[in-house]
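Architecture at a glance
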Amino acid sequence: MKNNRKKIRLTALHFCFLFALLFVVIYIKGTAELKVASSGYISLDEIEEWEEHLIADDQLSFILFHDGESNPVRLMEHHISRLLAEESVGACYKVHGLANEDLCIQYQIAGFPSVLVFRSGEEVGRIQGVSSYYNLKHIYKKIKH
């Protein structure tokens, strides 16, 4: 009796196709998670006298200075949202830095994204640029006490 099975040969082209498919799936899933991140933020662009909100709050408050919806900004939003879900953090605010240049000058914002951490109206921490979630959590625990 003869074996009538065909042998399938995998070539380098097959592996390239599978790698490209895997990359696309990971990219789509990653960007979908990042889009969900910005839902819990209060925009300070329209609020006048917003510093009163910070003075009244004894918990830590985060202010994210951003330049729009760039990938680094969305990544920091995602990390902060994750921290909010796990820890008891006060409010989270967003300020569009390009539209509020006076605030950027006042708080010496050098680039975007920048995160300022306030307690009772006083700045207690600052993060310039993108930080990993674990670094953000470490910084939070350090300034929490």
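Describing the overall build of the protein chain
- Secondary structure assignment for the protein chain yields 5 helices and 5 strands.
- A burial count over the protein chain gives 35% of its 145 residues as buried.
- Of all intrachain contacts in the protein chain linking residues separated by at least 6 positions in sequence, the fraction that spans at least 24 positions is 73%.
- About 9900 Å² of surface is accessible on the protein chain, with carbon and sulfur atoms providing 58% of the total.

Some points on helix H5 (residues 133–144)
- Along its 12 residues, H5 runs 16 Å from first to last C-alpha, staying within 8% of the 16 Å computed at 1.5 Å per residue.
- For H5, every residue scored as buried is listed here: Tyr133, Leu136, Tyr140 and Ile143. Taken around the axis of H5, the buried residues stretch over an arc of 100°, which confines them to a single face. Set apart from the buried face of H5 by more than 90 degrees, the exposed residues are Tyr134, His138 and Lys142.
- The secondary structure elements touched by the buried residues of H5 are strand S2 (60–66), helix H3 (71–86), strand S4 (114–119) and strand S5 (122–128).

Cut-offs used in this document
- Residues numbered from 1 in each chain as written.
- Predicted model: local features only at pLDDT ≥ 70, side-chain atom pairs only at ≥ 80, totals over all residues.
- Heavy atoms only, no water.
- Helix = DSSP H or I, 4+ residues; strand = E, 2+ residues; numbered from the N terminus.
- Buried < 20%, exposed > 50% of the residue type's maximum accessible area, 1.4 Å probe, protein only.
- Contact = heavy atoms within 4.5 Å.
- Areas by Shrake-Rupley, 256 points an atom, 1.4 Å probe, with all protein chains shown as cover.
- Expected span 1.5 Å × (residues − 1).
- Arc of directions from axis to C-beta.

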